[in-house]
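# Chain and residue survey
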Amino acid sequence: MAALLEIKDLVTAFHTSKGRLPAVDGVSLSIERGQTLGLVGESGCGKSVTAMSTLRLVASPGRIESGSILFTTEGESIDLVSASEKQLRNVRGGRIGMIFQEPMTSLNPVFTIGDQIAEVVQLHRRVTRSEARTRALEMLHLVRVADPEQRLDAYPHQLSGGMRQRVMIAIALACEPDLIIADEPTTALDVTIQAQILDLLGDLRSRLGTAVLLITHDLGVVAETCDSVAVMYAGKIVEQASAAELFRHPLHPYTIGLLQSRPDIDNRDSGPLATIPGMVPPPQDFPSGCRFHPRCSYATVPQCSSEAPLLREVIPGHFVRCHFAEEINL
Amino acid sequence: MSDQQPQNTPALLQVKDLETHFPIRKGLLRRQVGAVKAVDGVTFNIPRGTTLGLVGESGCGKTTVGRSLLRLVEPTGGDVLFDNHAVRKENSRGLRSLRRRMQVVFQDPYGSLNPRMKIRSILEEGLILHRVGERAARLEEMKQALERTGLSASVLERYPHEFSGGQRQRIAIARALVLKPEFLVLDEPVSALDVSIQAQVINLLKELKQELGLTYLFISHDLSVVEYLADNIAVMYLGQIVESADVDKLCHQPLHPYTHALFSAVPSVEVKKRRQRIVLKGDVPSPSQPPRGCRFHPRCPLSETVCCEVEPPQIDLAGHRVHCHIVSREVERCGADAAAVSEAMQVAITAAISDSTSPHSDV
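Residues numbered from 1 in each chain as written. Chains lettered and ligands numbered in written order. Predicted model: local features only at pLDDT ≥ 70, side-chain atom pairs only at ≥ 80, totals over all residues.

## Considering the overall build of chain A
Helix and strand content of chain A: 13 helices and 12 strands. The C-alpha radius of gyration computed for chain A amounts to 21 Å, which stays within 12% of the reference 20 Å derived for 330 residues, consistent with globular compactness. Taken over the C-alpha atoms alone, chain A extends approximately 65 × 50 × 45 Å along its principal axes. Looking at chain A residue by residue over its 330 residues, the buried ones come to 48%. Contacts in chain A between residues far apart in sequence, at least 24 positions, make up 62% of those at least 6 positions apart. (Helix = DSSP H or I, 4+ residues; strand = E, 2+ residues; numbered from the N terminus. Rg over C-alpha atoms; globule rule 2.2 N^0.38 Å. Buried ≥ 20, exposed ≤ 12 C-beta atoms within 10 Å, placed from the backbone. Contact = placed C-beta atoms within 7 Å.)

See below:
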């Protein structure tokens, strides 16, 4: 059977006064039913644009220039890149749910949360108002909001950050989607609330069989929740493997750098933290050859600055975009 | 001053029963109807040359503690002694001379640098205010401070928007350093930065501390950063410190149930370091109406009747201080051995959690 979501060679670029900025430059990903894929990277690497492209939510001057996004559900495949607006409306909120980072700005402040959950249900199902409201109540129960009956008539500002994120999850799940795209769902939350939300997402995933595309900069969150991981840098995927494999055995110098630069009680006395020098280049200044080479300690040969490495399967199931992947593997 | 008592030097900063309440006013006459008890009886010391990490979730009052120390907000009670000067009793003149020695770096490097000022003016402002030297001498000071933070003098004529987040935070640190302070309040200085940049700034802070002998109050919600940088850690919850100890004791032998939950909630890359996650119920209550008794009791997996009614006592196990009824009982049972008590607490919490998450409850 085909994968639930298959992104192939996606290119999304922004056309600005600075020229064409390829924020996403040839990304391929696939997510199986019920699977959680983590897409990690620092700000500006293109991970959010990848997510927005999947639902065709990239606003002008951004444009999907090439590639395909095949979404297969109930034996039927559609290419979201070429789908009509009508087909997309069906998918958005219906077959694919979305959770954004900032629950305060993604909820409408002038509607009650009950109305906002019911709205999605009414858009995608043939139900009456009161049936939609019952469904909203069920959803609040499901995401473990305390006193759901009262909360139904509450406005977003009356809820805490964790509660609002639960409401976002309720909206995303209301129509029992096959896939949820969660863009930094816990970044704005405290650790104990983050633990609640991750716990909830994991539980819902195992009970409803929903696949999740989790976008985050937090490697710890990925390690604890995802089946597989893709690491993005400067618009490209630089490493991809199962979560267990990637964290045990990172092969791309960037991934290695990210993992080593995490502060930890055990490395506090062993000299300064390993750092990655410099910073993430903006799309107008992507370096030639390997985009990571100016910051890379392995980049010692001219090949790194002249020839763009390909994403290669170095170990079965473990893909790396680096000329030196074999040497690092040793 | 410190050479008078080489054996028992008083800490550079001593904070006792610090209270900062914000009034809640209502009605036409703006009568006070209550108070947000942001900081409600906080006591700690920071010895010279050490770092105290203050951790807690948003709304626990950690930022208000930092600001109260510098009197950027006026505390409503308690004492703050900085190098034996009572900060709360100083008049504006005395306060100014103290503030030269205590500086602050804020979380958001986008919000804390005035976008309409050149870096030169941003750095020079403090020097002018404190009447430091002539123009040329000030320039020299600024260059030195920039160099220490890994920036070149060429940034002086540029504006904040020309810099990335990591560079801006370096500028904010340079601004704090230019007056040659002894004590820095670092309020979430790396939280807004990306992982690879965060490591650069953490290294810088550590280097500066060693080279200049600085003393830090490091405020953060990120436990891994605090563990890495701090010598001592204090855990805050709803305006109070619930547990404090040196970093090894606190991380390896946590006592308070909240500390257990906090550490277990940090996602880890390494499988062996992953603890069983203790998921707390509910949110942090409002500091305007803190719960009676132990403030943590509504969310605590171990809470009992006594926790709901009586404020917990402070227990001191060789410098490891904690406020908790259950810990106090465990100490009576297992003796004053923090390792054994920590173990017992972990067992009790795990048991309580697995009871409450059995299939028929909740959801």
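## A short note on the sheet that holds strand 2 (residues 31–46) of chain B
Residue and element names in this part refer to chain B. Read across the sheet, 4 strands follow the order 2-1-4-5 without closing on themselves; strand pairing throughout is antiparallel. Strand pairing shows two members of the sheet lacking a second neighbour, strand 2 and strand 5 (85–86), which therefore form its edges. Looking at chain direction, strand 1 (residues 13–26) and strand 2 are connected through 12 bridges and run antiparallel. Note that in strand 2 the partner of Ile24 across the bridge is Gly34. (Pairing = 2+ DSSP bridges.)

## Describing the interface of chain B and chain A
Each partner contributes residues to the interface: chain B has 33 residues there, and chain A has 37 residues. Put simply, the parts of the chain that give the side of chain B that touches chain A at least two residues each are helix 6 (195–212), helix 7 (223–229), helix 8 (247–252) and helix 9 (257–265) of chain B. When residues in the side of chain B that touches chain A are grouped by element, the largest group, 8 residues, is from helix 6 of chain B.

## Focus on the nonpolar core
With 198 residues, the main nonpolar core has Ile117, Ala170 and Leu213 of chain A together with Phe218 and Val235 of chain B as its most contacted residues. Leaving out residues up to four positions away in the same chain, Ile117 of chain A has contacts with Ala136, Met139, Ala170, Ile171 and Ala174 of chain A. (Core = buried A, V, L, I, M, F, W, Y, C linked by C-beta atoms within 7 Å.)

## Looking at helix 6 of chain B
Look at helix 6 of chain B: 26 Å from first C-alpha to last across 18 residues, which is about the 26 Å you get at 1.5 Å a residue. For helix 6 of chain B, the elements touching its buried residues are helix 11 (253–260) of chain A together with helix 5 (165–177), strand 7 (183–187) and helix 7 of chain B. Where helix 6 of chain B terminates, the next one or two residues include Gly213 of chain B, which has phi positive at roughly 60°. (Expected span 1.5 Å × (residues − 1).)

## Description of the pairing of strand 2 (residues 19–31) of chain A
Residues and elements named next belong to chain A. Inspection of the sheet shows strand 1 (residues 5–16) paired to strand 2 by 10 bridges, in the antiparallel sense. When the sheet's bridge partners are listed, Ile7 is paired in strand 2 with Leu29. In this structure, the hairpin formed by strand 1 and strand 2 is closed by a connection of 2 residues.

## Section: the confidence of the model for chain B
All names here are of chain B. Taken over all residues, the pLDDT of chain B has a mean of 88, while the share at 70 or more is 94%. A low-confidence stretch, residues 1–7 (pLDDT under 50), is modelled with 2 contacts involving residues beyond four sequence positions or located in other chains. For residues 358–363, every residue scores under 50 in pLDDT, and the model assigns this stretch 3 contacts once sequence neighbours within four places are set aside. Scored by ipTM, the complex comes to 0.80, with pTM at 0.86. (pLDDT = per-residue confidence, 0-100.)

## Quick word on the sheet that holds strand 9 (residues 228–233) of chain A
Strand pairing within a sheet occurs via backbone hydrogen bonds; the two strands may be parallel or antiparallel. Residue and element names in this part refer to chain A. With respect to topology, 8 strands assemble into an open sheet ordered 6-7-8-3-9-10-12-11, the strand pairing being mixed. Edge positions in the open sheet fall to strand 6 (96–99) and strand 11 (312–315), since each of these has one partner strand only. Here the average twist between neighbouring strands, direction ignored, is 20°. Pairing of strand 7 (residues 179–183) with strand 8 (residues 211–216), which is carried by 5 bridges, proceeds in the parallel orientation. When the sheet's bridge partners are listed, Asp183 is paired in strand 8 with Ile215. (Axes fitted to C-alpha atoms, helices over the stretch in contact; angles between N-to-C directions.)

## Notes on unusual backbone geometry
With an omega dihedral of 10°, the bond running from Ser60 of chain A to Pro61 of chain A counts as a cis peptide bond. As for its position among the elements, Pro61 of chain A is in the loop between helix 1 (47–54) and strand 4 (62–73). Within the chain, Asp9 of chain A stands out as a residue other than glycine whose phi angle is a positive 50°. Looking at the secondary structure, you find Asp9 of chain A in strand 1. Notably, Arg30 of chain B is not glycine yet its phi reads approximately 50°, a positive angle. Assignment of secondary structure puts Arg30 of chain B in the loop between strand 1 and strand 2.

## A short note on the packing of helix 4 (residues 113–124) of chain A against helix 7 (residues 161–173) of chain A
All names here are of chain A. Helix 7 packs onto helix 4 with a crossing angle of 20° between their chain directions and a minimal axis gap of 8 Å. When the axes of helix 4 and helix 7 are compared, the pair comes out roughly parallel. Viewed along their axes, helix 4 and helix 7 form a crossing whose handedness is right-handed. Seen from helix 4, the contacting residues are Ile113, Gln116, Ile117 and Val120; seen from helix 7, they are Val167, Ala170 and Ile171. (Parallel < 35°, antiparallel > 145°, perpendicular 65-115°, else oblique. Left-handed = near helix turned anticlockwise from the far one by under 90°.)

## Quick word on the packing of helix 5 of chain B against helix 6 of chain B
Residue and element names in this part refer to chain B. Where helix 5 contacts helix 6, the axes come no closer than 9 Å and their chain directions differ by 20°. One finds that helix 5 runs roughly parallel with respect to helix 6. Between helix 5 and helix 6 lies a crossing whose hand is right-handed. For the pair helix 5 and helix 6, the contacting residues are Gly165, Gly166, Gln169, Arg170 and Ile173 in the first and Ile197, Gln200, Val201 and Leu204 in the second.

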